[in-house]
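Per-entry structural report
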Amino acid sequence: MEKKNLDWANLSFSYIKTDKRFVANYKDGAWDGGQLTDDDKVVITECAGVLQYSQSCFEGLKAYTTEDGHVVCFRPDLNGQRMEDSCRRLEMPVFPTERFVDAVVETVRANLAWVPPYGSGATLYIRPYMFGSSAVIGVKPADEYQFRILVTPVGPYFKGGAKPIVIRVSDFDRAAPHGTGHIKAGLNYAMSLHPIMDAHRQGYAENMYLDPATRTKVEETGGANFIFITKDGTLVTPKSGSILPSITRRSLLYVAEHYLGMKVEEREVPLTEVPSFAEVGLCGTAAVISPVGKIVNHDSEICVPSGMEEMGPVLTKLYDTLTGIQMGRIEAPEGWIKRIA
Ligand code: PLP
Ligand code: COI
């Protein structure tokens, strides 16, 4: 199969229309069989639940070309389960995980020419999403839904790839206690657009959100969880009911413990503890691991000891091991890699 003629090494994290996408419709209490289509346009009523009351959720995962030339994706069952959780919280019908995984495989297989080659630094980003498609005017869930999967080849989420970024402590909150921070609802991202644009205008790559109840504990950024490395090499990551349970973070915890023999702690992280860490990183599907070099909190700054030049040594080891597993250079734990082609 011939690959598309793209400048793979210089792709940014943006949308490119590919050949096929998956569409399934929910009507009269049941999902149809779903199908692939060439049509990238969505036609819905002007009064659709998604347009009036933002009833939508999504997922994000990637397909990779491995060293030996296969195409795989990483733990898609966990994305399927998380989407089920999102749907339940938003009163949307669940698209079952098994069907979710099959649809991911089918969509990537139909777009193999768009999967970046091994070693290019690019990957195929897979975006499953669901929205209320029938009319609602009183505040209530829609009766009909559409589940879709689009794919697009992408480069690094943060400009500069593995170069440390500067972030700021946000004065805006991301998610209320007992709210929707733990699910991947579109509304969480709509409300983050002003804080992220404001951060960018002031020269910061991302926002560090704190817990809204006390504003003393680290939560996450707009699109990634935090991982911290202590001076004695322990991996620490915030525990909170209002952050998204990142699949990358959960995988890194396992890799740290079982591949690298590190101590790992999932616990509350007071902002006052952050200056004592040796390395700070953001982790997520899009971000993979992005090192943080500096955290600005109004007129005070935390300069992370690993500096602004490159990723620190422990995060580098974690990054190399995780991407080694994803690209087939390192043996994966049972069930982590789904072979697509
Ligand atoms: N936190 C937020 C708010 C996100 O949007 C994402 C991206 O999915 C993550 C964390 C990282 O999650 P994952 O590793 O499952 O991609
Ligand atoms: C991801 O990492 O998949 C995300 O969803 C982060 C961002 C693009 C929203």
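What you see is a predicted model; the values in this text were computed from it and never measured.

Focus: the side chain of Lys 62
- Relative to the elements of secondary structure, Lys 62 occurs in strand β5 (residues 61–65).
- At 2.8 Å, the side chain of Lys 62 forms a polar contact with the backbone oxygen of Thr 285.
- Once you skip the residues sitting within four places of it in the chain, Lys 62 turns out to touch Val 72, Cys 73, Phe 74, Thr 123, Leu 124, Tyr 125, Ile 126, Val 154, Thr 285, Ala 286 and Val 288.

A few points about the pattern of salt bridges
- By the definition in use, this model includes 17 salt bridges.
- Note that Arg 168 and Asp 198 form a salt bridge whose closest N and O atoms lie 3.0 Å from each other. In this pair, Arg 168 sits in strand β9 (residues 165–169) while Asp 198 sits in helix α5 (residues 193–201), placing the two residues 30 residues apart along the sequence. Residue Arg 168 shares its accessibility class with Asp 198, and that shared class is buried.
- With its nearest N and O atoms 3.6 Å apart, the salt bridge here joins Lys 263 to Glu 265.
- For Lys 263, a relative accessible area of 54% translates into the label exposed.
- A single network of salt bridges, built from pairs that share partners, joins Lys 263, Glu 265, Arg 267 and Glu 273.

A closer look at the packing of aromatic side chains
- Summed over the entire model, instances satisfying the criterion amount to 16 aromatic pairs.
- Ring geometry for Tyr 26 against Trp 31: centres 5.2 Å apart, planes inclined by 65 degrees, an arrangement best described as edge-to-face.
- For Tyr 26, a relative accessible area of 17% translates into the label buried.
- The class for Trp 31 is buried, based on a relative accessible area of 17%.

Overview of the layout of surface pockets
- There is about 1200 Å³ of room inside the largest pocket.
- Taken together, 49 residues form the lining of the largest pocket, with Phe 13, Tyr 157, Glu 206, Gly 223 and Ala 286 sitting closest to its centre.
- Of the residues forming the lining of the largest pocket, the biggest block, four residues, is contributed by α5.
- Residue classes in the lining of the largest pocket are distributed as 25 nonpolar, 17 polar and seven charged.
- Counting contributing residues per domain, the lining of the largest pocket is built from domain 1 (8–154) and domain 2 (165–326), each supplying no fewer than three.
- Computed from the structure, the second largest pocket encloses a volume of approximately 500 Å³.
- For the lining of the second largest pocket, the secondary structure elements donating two or more residues are β5, β15 (288–297) and α7 (313–326).
- Among the elements that line the lining of the second largest pocket, the one with the most residues is α7, at four residues.
- A per-class count over the lining of the second largest pocket returns 16 nonpolar, 10 polar and three charged.

Some words on the side chain of Ser 290
- Following the sequence through the fold, Ser 290 ends up in strand β15.
- Residue Ser 290 is classed as buried on the basis of its relative accessible area of 2%.
- A distance of 3.2 Å separates a polar side-chain atom of Ser 290 from the backbone oxygen of Ala 287.
- Not counting residues up to four positions away in its chain, the partners in contact with Ser 290 are Phe 158, Val 280, Gly 281 and Leu 282.

Thresholds, definitions, all that
- Residues numbered from 1 in each chain as written.
- Chains lettered and ligands numbered in written order.
- Predicted model: local features only at pLDDT ≥ 70, side-chain atom pairs only at ≥ 80, totals over all residues.
- Heavy atoms only, no water.
- Helix = DSSP H or I, 4+ residues; strand = E, 2+ residues; numbered from the N terminus.
- Polar contact = N/O pair within 3.5 Å; in protein donor to acceptor, adjacent residues only side chain to side chain.
- Contact = heavy atoms within 4.5 Å.
- Salt bridge = Lys/Arg side-chain N within 4 Å of Asp/Glu carboxyl O.
- Buried < 20%, exposed > 50% of the residue type's maximum accessible area, 1.4 Å probe, protein only.
- Phe/Tyr/Trp six-rings, centres within 6.5 Å; stacked < 30°, edge-to-face > 60°.
- 1 Å grid on protein atoms, 1.4 Å probe; cavity = no way out; pocket = protein on both sides within 12 Å on 5 of 7 lines; lining within 4 Å.
- Points joined across faces, edges and corners; volume = space filled by probe spheres on them.
- Nonpolar A, V, L, I, M, F, W, Y, C, P; charged D, E, K, R; others polar.
- Domains from an automatic or database assignment.

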